[in-house]
Amino acid sequence: RDAFYGEEEGGASGESGLTWVVDPIDGTRSFLRGETTWCVALAVIEGGRPTHGVIHAPVTGEIFDAIADGPARVNGRQLAEMPQVAGERMRLSLPEGVRRRLDTADAARIDFAAPIPSLAYRLAQVAHGRLDGTIVQPRANDWDIAAADLIIDRAGGALLNVAGQRHNYNLTPRRHGLLIAGGKGVLPRLNEIAASLHD
């Protein structure tokens, strides 16, 4: 039997070594307001890392998916590899609380996209290249990030903490500190910004 935990259903242990992590509605505020930016997120964890990830945005008709030894895809089409070199400016979608705390010099080098309340969908937009990156506020849960973690990884980027480490998932879901996500070219700049917020 596989283990399982989700935002709505709690958790159940298993013996197979596989854990299903499910968020049935990520972006509840968007869902309740009738907006498009909510999704269903599902990941399978083995050995502390996601091996399968799916993010389905029913209103937009997008299905993002990845497996550990395959490409990241949207609606069956392989996503282009994320940029490995940073441009002069970054296009970011940030929570309002993060944006308010930015240093003026950092803010001047950012093209701000609209906030996306669904964290999983926002991270999927990073993987898709519609955003260069994002900063994730503390207190995100495993079910918010696990599927997107793999999709970003297989698109050539990374989801990291401020120490530059990837997250190892375990059978006890927990909330996270500040995280950054983006292509390898923008991660150093994102980390500098995140470190200043962290302090």
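Residues numbered from 1 in each chain as written. Predicted model: local features only at pLDDT ≥ 70, side-chain atom pairs only at ≥ 80, totals over all residues. Heavy atoms only, no water.

Caption draft 1: Layout of the packing of aromatic side chains. Taken as a whole and assessed by the stated rule, the structure comprises 2 aromatic pairs. When the ring of Tyr 5 is compared with that of Trp 143, the centres are 6.5 Å apart and the planes differ by 65 degrees; the resulting orientation is edge-to-face. Taken together, the residues span a long stretch of sequence, with Tyr 5 in strand E1 (residues 3–6) and Trp 143 in helix H5 (residues 142–154) at a distance of 138 residues. Geometrically, the ring pair formed by Phe 31 and Trp 38 is edge-to-face, given 4.8 Å between the ring centres and 80 degrees between the ring planes. Phe 31 gets classed as partly exposed once you look at its relative accessible area, which sits at 36%. Over the ring of Phe 112 we find Arg 99; its NZ or CZ atom is 3.8 Å from the centre of that ring. (Phe/Tyr/Trp six-rings, centres within 6.5 Å; stacked < 30°, edge-to-face > 60°. Helix = DSSP H or I, 4+ residues; strand = E, 2+ residues; numbered from the N terminus. Buried < 20%, exposed > 50% of the residue type's maximum accessible area, 1.4 Å probe, protein only. Lys NZ or Arg CZ within 6 Å of the ring centre and 35° of its normal.)

Caption draft 2: Inspection of the nonpolar core at higher detail. Ranked by size, the top nonpolar core spans 39 residues in total, and within it Ile 55, Phe 64, Leu 79, Leu 123, Ile 145, Ile 151 and Ile 152 carry the most contacts. Those elements giving two or more residues to this core turn out to be strand E4 (39–46), strand E5 (49–57), strand E6 (62–67), helix H4 (119–128), H5 and strand E13 (179–183). Among the elements that make up this core, the one with the highest residue count is H5 (8 residues). The contacts of Ile 145, once residues within four sequence positions are left out, are Leu 119, Leu 123, Ala 140, Leu 159, Tyr 169, His 176 and Leu 179. Within the second largest apolar cluster, 17 residues are counted, among which are Ile 110, Ala 158, Leu 187 and Ala 194. (Core = buried A, V, L, I, M, F, W, Y, C linked by side-chain atoms within 4.5 Å. Contact = heavy atoms within 4.5 Å.)

Caption draft 3: View of the environment of Gln 125. Assignment of secondary structure puts Gln 125 in helix H4. Here Gln 125 falls in the buried class, since its relative accessible area comes to 5%. Spatially, the C-alpha atom of Gln 125 lies 11 Å from that of Ile 55, the residues being 70 residues apart in sequence. Excluding residues that lie within four positions of it along the chain, Gln 125 makes contacts with Glu 62, Phe 64, Ile 116, Arg 130 and Leu 131. A polar contact of 2.7 Å, which involves the side chain of Gln 125, links it to the side chain of Arg 130. (Polar contact = N/O pair within 3.5 Å; in protein donor to acceptor, adjacent residues only side chain to side chain.)

Caption draft 4: How the structure looks around unusual backbone geometry. Residues other than glycine seldom take positive phi values, yet Asn 75 does so here, at roughly 50 degrees. Tracing the backbone through its elements, the reader meets Asn 75 in the loop between strand E7 (73–74) and strand E8 (77–78). Positive phi values are uncommon outside glycine, yet Arg 139 reaches one of about 90 degrees. Relative to the helices and strands, Arg 139 resides in the loop between strand E11 (133–136) and H5.

Caption draft 5: Just the pattern of salt bridges, in detail. Applying the stated criterion across every chain, the model contains 6 salt bridges. Here Arg 33 and Glu 35 are joined by a salt bridge, their closest N and O atoms 2.9 Å apart. The partly exposed category is assigned to Glu 35, whose relative accessible area is 31%. A salt bridge links Asp 65 to Arg 73; its shortest N-O distance comes to 3.0 Å. Take Asp 65: its relative accessible area is 15%, and that puts it in the buried class. A relative accessible area of 33% places Arg 73 in the partly exposed class. (Salt bridge = Lys/Arg side-chain N within 4 Å of Asp/Glu carboxyl O.)

Caption draft 6: Structural detail: H4. For H4, the tally of buried residues reaches 9 of 10 residues, placing the bulk of the element in the interior. Every buried residue belonging to H4 is among Leu 119, Ala 120, Tyr 121, Arg 122, Leu 123, Ala 124, Gln 125, Val 126 and Ala 127, and all of these are buried. Directly beyond the C-terminal end of H4, a positive phi value near 90 degrees is found at Gly 129.

Caption draft 7: Fine view of H5. Taking 1.5 Å of rise per residue, the 13 residues of H5 would be expected to cover 18 Å, and the 18 Å separating its terminal C-alpha atoms lies within 8% of that figure. Along H5, the largest kink reaches about 25 degrees and is centred on Ala 148. Within H5, 11 of the 13 residues are buried, which leaves it mostly tucked inside the rest of the structure. Listed as buried for H5 are Asp 142, Trp 143, Asp 144, Ile 145, Ala 146, Ala 147, Ala 148, Asp 149, Leu 150, Ile 151 and Ile 152. Just downstream of H5, Gly 156 is the residue with a positive phi angle, here 100 degrees. (Expected span 1.5 Å × (residues − 1). Bend = angle between axes of the 7 residues up to and from the residue.)

Just geometry here; none of it tells us what the structure is for.
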